[in-house]
Amino acid sequence: MAHYTKEMILQMVEEEDVEFIRLQFTDMFGTLRNMAITSRQLEKALDNECIFDASTLDGFSGLEENELYLYPDLDSFVILPWRPQQGKVARLICDVYQLDETPYHQCSRGILKRVQGEADSMGYQFIAGPECEFFLFHTEEDGTPTTLTHDRAGYFDLGPMDLGENARRDMVLTLEDMGFEVESSYHEAAPGQHEIDFHQCKGLEAADSLMTFKFAVRTIAKRHGLHATFMPKPSAGANGSGLHVNSILRDKQGKNLFFDETDERGLSKTAYYFMGGILKHIQGMTLITNPLVNSYKRLVPGYEAPVYVGWATKSKSQIIRIPAARGSKTKIELRSPDSSANPYLVLAILLAAGLDGIRHQIMPSSCMEENLNQLSQIEKEERGIQTLPSNLSEAIQAFEQDEFVQNVLGEDFSRRYLEMKKAEWAEYIQQVSDWEIDKYLYRI
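Quick caveat, the model's predicted, so the values are computed rather than measured.

Here the focus is the overall build of the protein. The secondary structure content of the protein amounts to 13 helices and 15 strands. Rg of the C-alpha trace for the protein: 22 Å, near the compact-globule value of 22 Å for 444 residues, within the 12% margin. Expressed as lengths along the three principal axes of its C-alpha atoms, the size of the protein is roughly 70 × 60 × 50 Å. Counting only residues that meet the buried cut, the protein has 55% of its 444 residues in that class. Sequence-distant contacts in the protein: of pairs separated by 6 or more residues, those separated by 24 or more amount to 70%. For the protein, the exposed surface amounts to about 20,400 Å²; the carbon and sulfur share of it is 48%.

Before going further, it helps to spend a moment on the side chain of histidine 199. Mapped onto the elements of the fold, histidine 199 is located in the loop between strand S9 (193-198) and strand S10 (201-202). For histidine 199, the residues in contact, after removing those within four places along its chain, are Glu181, Glu183 and Glu205.

In this section: the pattern of salt bridges. Taken as a whole and judged by the stated rule, the model has 21 salt bridges. Residue aspartate 170 pairs with arginine 169 through a salt bridge whose shortest N-O separation is 3.3 Å. Through salt bridges with shared partners, a single network forms among Asp73, Asp95, Arg109, Lys113 and Asp208.

Counting 100 residues, the largest nonpolar core has Met171, Phe213, Phe274, Trp311 and Ile320 as the members making the most contacts within it. Per element, the largest residue contribution to this core is 12 residues, and it comes from helix H8 (residues 343-359). Residues Leu46, Ala90, Leu92 and Tyr104 belong to the second largest nonpolar core, which totals 23 residues.

This paragraph deals with the pairing of strand S13 (residues 308-312). Burial within S13 is extensive, with five of its five residues counted as buried. Burial along S13 is two-sided: the face carrying Tyr308, Gly310 and Ala312 and the face carrying Val309 and Trp311 are both buried. Sheet analysis places S13 next to strand S14 (residues 318-321), joined by three bridges and oriented parallel. Bridging from a neighbouring strand, tryptophan 311 pairs with isoleucine 320 of S14.

Turning our attention to helix H10 (residues 392-401). Residues of H10 that are buried: Leu392, Ser393, Ala395, Ile396, Ala398 and Phe399. Elements in contact with the buried residues of H10: helix H6 (269-289), helix H7 (295-298), helix H11 (403-409) and helix H12 (411-429). The N-capping residue of H10, defined by a side-chain oxygen 3.0 Å from the backbone nitrogen of serine 393, is asparagine 391.

This brings us to the side chain of glutamine 406. Locating glutamine 406 in the fold gives a position in helix H11. For glutamine 406, the contacting residues outside a window of four places in its chain are Phe399, Glu400, Gln401, Glu411 and Ser414.

Take a negative patch on the surface next. On the surface, Glu176, Asp177, Glu181 and Glu183 cluster together to form a negatively charged patch. Among the secondary structure elements, glutamate 176 is positioned in helix H4 (residues 165-177). On the basis of relative accessibility, which here comes to 40%, the residue glutamate 176 falls in the partly exposed class.

Between its terminal C-alpha atoms H12 stretches 27 Å, which fits the 27 Å expected from 19 residues at 1.5 Å a residue. Listing the buried residues of H12 in full gives Asp412, Phe413, Ser414, Arg416, Tyr417, Leu418, Lys421 and Trp425.

For the rest of this paragraph, the subject is the environment of glycine 384. As for its placement among the helices and strands, glycine 384 is situated in the loop between helix H9 (377-382) and H10. With a relative accessible area of 54%, glycine 384 lands in the exposed category. C-alpha of glycine 384 to C-alpha of lysine 88: the two residues are 296 residues apart in sequence and 58 Å apart in space.

Criteria and cut-off values
Within each chain, residues carry numbers counting from 1 in the order of the written sequence. Reporting in this predicted model follows two pLDDT cut-offs: at least 70 for local features of residues, and 80 or more for side-chain atom pairs to be given and counted; totals over whole chains, interfaces and linings ignore these cut-offs and use all residues. As a convention, hydrogens and water are excluded, and side-chain values are obtained from all of the structure's heavy atoms. Helix and strand assignments come from DSSP, with helices taken as H or I runs of at least 4 residues and strands as E runs of at least 2, each series counted from the N terminus. We compute the radius of gyration from the C-alpha atoms alone; for a globule the expected value is 2.2 Å times N to the 0.38, where N is the number of residues. Relative accessible area decides the class of each residue, using a 1.4 Å probe on protein chains only: under 20% of the type maximum gives buried, over 50% gives exposed, and in between gives partly exposed. Between two residues, a contact is recorded if the distance between any of their heavy atoms is within 4.5 Å. Exposure was quantified through the Shrake-Rupley algorithm and a 1.4 Å probe, taking into account, for residues, occlusion by the shown protein chains and nothing else. Only one rule defines a salt bridge in this text: a Lys or Arg side-chain nitrogen within 4 Å of an Asp or Glu carboxyl oxygen. The nonpolar core is taken to be a set of buried Ala, Val, Leu, Ile, Met, Phe, Trp, Tyr and Cys residues, with the residues joined through side-chain atoms within 4.5 Å. For two strands to be treated as a pair, DSSP must find no fewer than two bridges joining them. In protein, a polar contact requires one atom able to donate a hydrogen and another able to accept it; more generally it is a pair of N or O atoms within 3.5 Å, and residues adjacent in sequence count only if both atoms are side-chain atoms. Residues qualify for a patch when their relative accessible area is over 30% and they have no salt bridge, like charges being joined within 9 Å and the nonpolar side chains of Val, Leu, Ile, Met, Phe, Trp and Tyr within 5 Å. Two residue types count as positive, namely Lys and Arg, and two as negative, namely Asp and Glu; His and chain ends fall outside the count. For charged residues, the charge sits on one atom: NZ in Lys, CZ in Arg, CG in Asp, CD in Glu. In a helix, the anticipated span is given by 1.5 Å times the number of residues less one.

Pasting the structure below:
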């Protein structure tokens, strides 16, 4: 990430003929919002003087606050490469502050910054590498998205089977124009499903990058007449889209603290404790890592999404996997989150849970390398194998029972989040689906 000063940004805006600047921020549920200003208002924005009305925004509205400040992160400045070359458009990612110049407690980016600050105070650098999957679907003539694709490709297929190849290529080139270091891109398992992976970086930068990634992918897809969706399970009978998160803790000198060559699996006590904290809190975390009704259509046995609370080095049926690389590349992969989740909150609670495991020296359960999907229900019960919540209602209950997770997010944030998720569940259970009509209407 570049390091900019106020003067550098003002100079670039003038030299590059930037006319509009998008001040971007993320709401409670991971939706990117923005307020556009002209270049003539930029100096005011860089002085943290831009106010917006939050009274109608989900996750921001409340009787006690109506107006909030946007504080731009200067290092996030980038010119959007898909906009006109004359009168260009740039963006700045912002934190949300209150009128008394204190951080707004509902700002998810601020929550991650606070948890990352706790890690720093313990002598840890948190490095994250999100892997985000998405679907490309056709649109109607008026641009309305569908769930249709002529693509019949699978893992690592190429054109002409991979009909999204050209769109994905343009996405990669656009991301590189924006300063991303793209490591790989390929067709995923389901028809119309894709993945683009970029370099690992510090937690806050990783979350910022993921929000920018989603923004760019949707924009470039639209230019190809396609709709990009990060919905966890848009198609029945096919794999859903995950947000696998690779984590590393380093010391201040850059040493990977998860590696220990004397351990039979090459893992340090720090790595085991970090896993132990995640496994202890994963039930309560699931409302954040899998936040939609639709998220739980992905978390079912028989597909690649893990549902079992455990860890392994080879099996993918558990929520945690330790990839084969060791030494400086030793990492812990959490595989249960999906691509609809708010990345700031996912990284915040993942890191907080891991640090809790380190503080209290929580050892994880034993490594289970077998495919747990092949065990009978009796075998699973005998071995005490737990599963993630099976629907949004169960996730809400688990969240309510985990005070630690609520404390990480803050009392007011947790209360509002719960209110809105309970309303979402109540709305869902009143619906009558096409499946119910097809199943019961003519038989009952």
